[in-house]
Amino acid sequence: MRKRLFAGVVSSVLATSFVTVGAITSATAAPAGICKQITVITNRTDIAPTTFTKVYGPAFTAGIGKGTTVKFEAFTNYNTDVRTMMNTKNYGDVLGIPQGVTPAQFSSFFSPLGKTSDLSKVYRFTNEGTYNGIQYGLSQTGNATGYVVNLKVWKAAGITTPPATPDEFIADLKKIKAAEPDVIPLYTNYATGWAPTGWTNMYAGYAQGPDSNNLLAKDKAPWTAGKDTFIGDDLLYRVAAAGLIEKDPTTTDWEGSKGMINKGQIATMMLSSWSVSQFQGAGPNPQDIGFYPLPVKDPKTGKFQSYIGGDVEQAINKNSKCQASAQAWLTYFMQQSGYAYSQGGISPYIKGPNGESYGIFDKLGVVYKSLNAAPAGHDSDLANVKKASGIPFDGTLEQNIIDTARGAKSGSEASIFADLNAKWGGAVG
Amino acid sequence: MFKEKTKRQFVPWLYLLLPIGLLALFTYLPVINMFWYSTTEWDGFDPHKKFVGFHNYVKIVKNPEIFHSLFNSLYYFGGAVIQISLALFLATVLSYRFRGSNIFKGFLVFPYLLNSVAVSLAFLYLYKGGGGLDLLVKHLGLGRFLTLWLGNPHIVNFSLAGVSVWRYMGLNLVLFLGAIQSINPELFEAAQLDRANRWHQFRYIILPGIKRITALSVILAVSGSIGVFEIPYIMLNGSNGTTTFVIQTLKTAFVLNQVGLASALAVTLLGIVLVVTFVQRKIFKDEGVDLV
């Protein structure tokens, strides 16, 4: 579930929308899958023309690429566009696996990269992008769950330690609203669609432990108190019902919100670690941006916790005639490019450096965990249930919760969750 | 060479080859494909398309919730009634020459020439809290009527229908103006000699003279309001209760990855539009208008 969030989030990180449209590199015949040029398809429209083209590409060509050049094509509507391209054989040589592709479909589209048991010694997050013990995709960076706050605003309301329970979280937001009436206690970024999906996805594991997603695939009523899927959506409902969110959610502005939290006009946004570097860079006060652990402590140890998970997984087009070159690029990108570090992420390459967003976590003694992979033979279960349930996990689900909570739509929290449980339960079968 | 008669039969088809070819390639072929997809459980990219017969249609019939989004079309239909009346009124006024009438025509038709993305974004900023409309309302001293034009669920669909009226009235206006101008001017002269006033001229000359165009406008308005898409999609992505049938179909295909079901929805929409148009033609036929 979390992968969805990160993938959606990253594909929407649009500083500049720069869409390269061009022909897919035709493989000029060379021995053993080595080509003069390969095409890499990426969701990073913002840095494809800069960092990718000017730094990574030339560094690869001069290094382990041994003369092979790289052409980058970036897509804003990454998932939809690339899924459509996958109806043909031309979808680049290396690409990020779009959302909606189930693990059972991996082998129809991507080249096997090796055994998961071997690759997990070199890379993190190999529990994603795998099917039947074979790895098809490697996560380009890793993110940690948590939320972003403006430390100055929280401090001005007299709060210096992160809330430890959902109730404390709401109480703190109320304090902020009382102390600083001009500040928006929590900004949902409703209009983006993808931003509020974190409320449903990010809490996986917090109460039910690392097997959360595997339990979810079998659970007939996951929107029930005490379960991970319930925690975040319930919190969202209560925050919205208490009037602690922006006044007009329908017209939120993602690009503008980055500067607003930097300048202290927004106190909180429920987004995971990838967003920290963007908020720091969006205004004059990078030191005010802080990253807090979600307000649910581990029920067993009583400690703050954070789940780390992969981002978009990089895979090789199985129809590519440039298998060796593509493999070389993947090795370069994962091990040598420094992409994860530059994004403030957790390096998927075990020996690589992590980003620097996690200072507060270290002070609080936050325990890092990761979700368990699905048991053998069940890799596609969760994706299949999602598809069959017909629940719109694109943010419509969370928008419904917000609308109902703020009284813009008839219904109650109980009726929303009953409906979701009925749909999910029906798909579990 | 060909005989003259053969040539005469053959040449028109030669000219039509290109448009018909394009039509077949980009309209009919995709529609046929859509019918085929609607009988599968395809997700949009899997190499294998599983055939499920009429299962998708059964799903639609069993889940009447799907048709709820059709109710939102009523707002746009209401808007269309206002739009047509307004266009008719303005076209009648503008058909009499007076100073600046051409400039007015230009102003009124202009919105139709703008593309809908630009229009939607412009109105997004106008409706936004603290945006242009709020300022205007405050300046007029009507501050107590302020509301969230897009955030208030009871208002939002009216706001969107308003955008639609603003954007499409120009088209109706042009159609009506053209029709009015094609009425024989001698009729007006004769009417003036008979001392008919402006209302009589409108009632007994203009209105019957533009019957066909009016009927066409109504058909366009109805099928248009069933198929509303751009404005609610670009402005709000169908959130806050503004989802229309087309937005729902699109989301089914590209968010839920149920292309099979979405194709069945599209076929259903096609059916609805055909039925409605047929019924309308029946009604208008009684008045001696033959269209399409």
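Because the structure is a prediction, the values reported are computed rather than measured. (Residues numbered from 1 in each chain as written. Chains lettered and ligands numbered in written order. Predicted model: local features only at pLDDT ≥ 70, side-chain atom pairs only at ≥ 80, totals over all residues. Heavy atoms only, no water.)

(A) Region of the structure containing the overall build of chain A. Looking only at helices and strands, chain A has 18 helices and 14 strands in total. For chain A, the C-alpha radius of gyration of 21 Å lies close to 22 Å, the compact-globule estimate for 429 residues. Projected onto its principal axes, the C-alpha positions of chain A cover 70 × 55 × 40 Å. Across the 429 residues in chain A, those meeting the buried criterion constitute 58%. Restricting the contact set of chain A to residue pairs at least 6 apart, pairs at least 24 apart contribute 75%. Taken as a whole, chain A presents about 15700 Å² of accessible surface, with 55% of it coming from carbon and sulfur. For chain A, the centre of its 38 positive side-chain charges and the centre of its 33 negative side-chain charges are spaced 6 Å apart. (Helix = DSSP H or I, 4+ residues; strand = E, 2+ residues; numbered from the N terminus. Rg over C-alpha atoms; globule rule 2.2 N^0.38 Å. Buried < 20%, exposed > 50% of the residue type's maximum accessible area, 1.4 Å probe, protein only. Contact = heavy atoms within 4.5 Å. Areas by Shrake-Rupley, 256 points an atom, 1.4 Å probe, with all protein chains shown as cover. Lys, Arg positive; Asp, Glu negative; His and termini not counted. Charge placed at Lys NZ, Arg CZ, Asp CG, Glu CD.)

(B) Region of the structure containing the side chain of Thr39 of chain B. Residues and elements named next belong to chain B. With respect to the helices, strands and loops of the structure, Thr39 is situated in the loop between helix 1 (4-37) and helix 2 (55-62). Thr39 gets classed as buried once you look at its relative accessible area, which sits at 13%. Once you skip the residues sitting within four places of it in the chain, Thr39 turns out to touch Lys50, Phe51, Val52, Gly53 and Asn56.

(C) The packing of helix 10 (residues 228-241) of chain A against helix 18 (residues 413-428) of chain A, seen in detail. Residue and element names in this part refer to chain A. For the pair helix 10 and helix 18, the least separation of the axes is 11 Å and the interaxial angle reads 150 degrees. The orientation of helix 10 relative to helix 18 falls into the category roughly antiparallel. Two packed elements cross with a definite hand, and for helix 10 against helix 18 that hand is right-handed. Touching Phe230, Asp233, Asp234 and Tyr237 of helix 10 are Glu413, Ile416 and Phe417, all from helix 18. Of the residues in the contact of helix 10 with helix 18, the class split is four nonpolar, no polar and three charged. (Axes fitted to C-alpha atoms, helices over the stretch in contact; angles between N-to-C directions. Parallel < 35°, antiparallel > 145°, perpendicular 65-115°, else oblique. Left-handed = near helix turned anticlockwise from the far one by under 90°. Nonpolar A, V, L, I, M, F, W, Y, C, P; charged D, E, K, R; others polar.)

(D) Highlighting the interface of chain A and chain B. The interface is formed by 27 residues belonging to chain A together with 23 residues belonging to chain B. Across the chain A/chain B interface, buried area totals approximately 2100 Å², and carbon plus sulfur atoms make up 52% of it. Area buried by chain A at its contact with chain B is led by Arg83, Thr251 and Lys387 of chain A, which between them contribute 24% of it. If you look at where chain A meets chain B, you find two salt bridges. The salt bridge involving Lys251 of chain B is made with Asp394 of chain A; its shortest N-O contact spans 4.0 Å. Of all the secondary structure elements, the ones that give two or more residues to the side of chain A that touches chain B are helix 3 (78-85), helix 4 (106-109), helix 16 (381-389) and helix 17 (396-405) of chain A. When residues in the side of chain A that touches chain B are grouped by element, the largest group, three residues, is from helix 17 of chain A. (Buried area = accessible area lost by both parts, 1.4 Å probe. Salt bridge = Lys/Arg side-chain N within 4 Å of Asp/Glu carboxyl O.)

(E) View of the domain arrangement of chain B. All names here are of chain B. Along its sequence, chain B is carved into domain 1 (1-38) and domain 2 (55-117 + 169-283). Relative to domain 2, the C-alpha centre of domain 1 lies at a distance of 29 Å. Each side of the interface is counted separately: domain 1 has four residues, and domain 2 has eight residues. In total, about 510 Å² of surface goes out of reach between domain 1 and domain 2, with carbon and sulfur atoms giving 73% of it. Among the residues domain 1 hides against domain 2, the three largest losses belong to Met34, Tyr37 and Ser38. Together they make up 80% of the total. Taken together, domain 1 and domain 2 are joined by zero salt bridges. Linking domain 1 with domain 2 are two residue pairs in polar contact (both at pLDDT 80 or more). (Domains from an automatic or database assignment. Polar contact = N/O pair within 3.5 Å; in protein donor to acceptor, adjacent residues only side chain to side chain.)

(F) Broad picture of the environment of Pro208 of chain B. All names here are of chain B. Secondary-structure assignment places Pro208 in helix 9 (residues 198-209). Residue Pro208 is classed as partly exposed on the basis of its relative accessible area, which comes to 45%. Distance in space between the C-alpha atoms of Pro208 and Ile183 is 10.0 Å, their sequence separation being 25 residues. Not counting chain neighbours up to four residues away, the residues in contact with Pro208 comprise Phe202 and Arg203.

(G) Broad picture of the sheet that holds strand 6 (residues 134-135) of chain A. Residue and element names in this part refer to chain A. In space, the three strands of this open sheet follow the order 4-6-5, with antiparallel pairing throughout. Strand pairing shows two members of the sheet lacking a second neighbour, strand 4 (114-115) and strand 5 (130-131), which therefore form its edges. Bridging between strand 5 and strand 6 involves two bridges; their strand directions are antiparallel. Its bridge partner lying in strand 6, Thr130 is registered against Gln135. (Pairing = 2+ DSSP bridges.)

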